Amino acid sequence: MKLVLAIIKPFKLDAVREALTGIGIEGLTVTEVKGFGRQKGQTEIYRGAEYTVNFLPKVKIEVVCADTLADQAVEAIQTAANTGRIGDGKIFILDVSKAVRIRTGEIDADAI
């Protein structure tokens, strides 16, 4: 099993969710986060005053899936979240050694 973790722009969340459900992903976790990468934040003007926003709003998506679906999930996220502009985000893939469904006690692939 793999944990696919993606940090994307918030307005791309619906497109990414649709892309993932389209390839058979049945569940995901979404968290609102803030951060910065190479762009180091941005400068904005509010009521005539210029100020720097160091941490930009992002969305973190976590999906646990079978090894065979991980590459498809990455491709779906990358395609759906891409705007071609700086700050589109990152995708990380980690190994999951065990999964347990609390309600039923199912483990590993049966739990996801």
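Refer to the structure printed above.
The numbers attached to residues start from 1 for each chain and follow its sequence in the written order. Local features in a predicted model are, by the rule used here, given only for residues with pLDDT of at least 70; side-chain atom pairs are given and counted only at 80 or more, and totals for whole chains, interfaces and linings are based on all residues. The side-chain quantities take in all heavy atoms of the structure and omit both hydrogens and water.

Caption draft 1: Layout of the sheet that holds strand S1 (residues 2-8). For two strands to be treated as a pair, DSSP must find at least two bridges joining them. The way it works is that DSSP assigns letters per residue, a run of H or I at least four long becomes a helix, a run of E at least two long becomes a strand, and they are numbered from the N terminus. Pairing within the open sheet is antiparallel, and its four strands lie in the order S2-S5-S1-S6. Each of the sheet's edge strands pairs with one partner strand only, and the pair in question is strand S2 (29-35) and strand S6 (89-95). Adjacent strand axes in the sheet meet at a mean angle of 20°, parallel and antiparallel pairs treated alike. Bridge count between S1 and strand S5 (residues 56-65): seven bridges; the pairing is antiparallel. A fitted line through C-alpha atoms represents every axis, and for helices the fit uses only the stretch in contact; the resulting angles, taken between N-to-C directions, go from 0 to 180 degrees.

Caption draft 2: Local environment of the pattern of salt bridges. Here, a salt bridge means any side-chain nitrogen of Lys or Arg that lies within 4 Å of a carboxyl oxygen of Asp or Glu. Tallied over the entire structure, the rule returns three salt bridges. Notably, a salt bridge pairs Lys-2 with Asp-95, separated by 2.4 Å at the nearest N-O pair. Of this pair, Lys-2 sits in strand S1 while Asp-95 sits in strand S6, and the two are 93 residues apart along the sequence. Each residue is assigned to one of three classes by its accessible area relative to the maximum for its type, calculated with a 1.4 Å probe on protein chains only: buried under 20%, partly exposed between the two thresholds, exposed over 50%. Note on Asp-95: relative accessible area 62%, which makes it exposed. Here Lys-9 ties to Asp-88 by a salt bridge, and the two come within 3.8 Å at their closest N and O atoms. One end of the pair, Lys-9, is in the loop between S1 and helix H1 (13-22); the other, Asp-88, is in the loop between helix H2 (67-81) and S6, and 79 residues separate them in sequence. For Asp-88, a relative accessible area of 15% translates into the label buried.

Caption draft 3: Highlighting the pairing of S1. Across the seven residues of S1, five count as buried, placing the element largely inside the fold. Where S1 lies against S6, seven bridges are found, and the strand directions are antiparallel. Residue pairing in the sheet places Lys-2 in a bridge with Asp-95 of S6.

Caption draft 4: Main features of the environment of Arg-101. Relative to the elements of secondary structure, Arg-101 occurs in the segment after S6. Taking C-alpha positions, Arg-101 is 19 Å from Val-30, a pair spaced 71 residues apart along the chain. Residue contacts are defined here by distance: any two heavy atoms, one from each residue, within 4.5 Å place the two residues in contact. Residues in contact with Arg-101, not counting those within four places in the same chain, are Glu-106, Asp-110, Ala-111 and Ile-112. By the criterion applied in these results, polar contacts are pairs of N or O atoms within 3.5 Å in which, for protein atoms, one can donate a hydrogen and the other can accept it, and in which residues neighboring in sequence qualify only through two side-chain atoms. In terms of polar contacts, Arg-101 uses its side chain to reach the side chain of Glu-106, at 2.8 Å. A distance of 3.4 Å separates the side chain of Arg-101 from the backbone oxygen of Asp-110, its partner in a polar contact.

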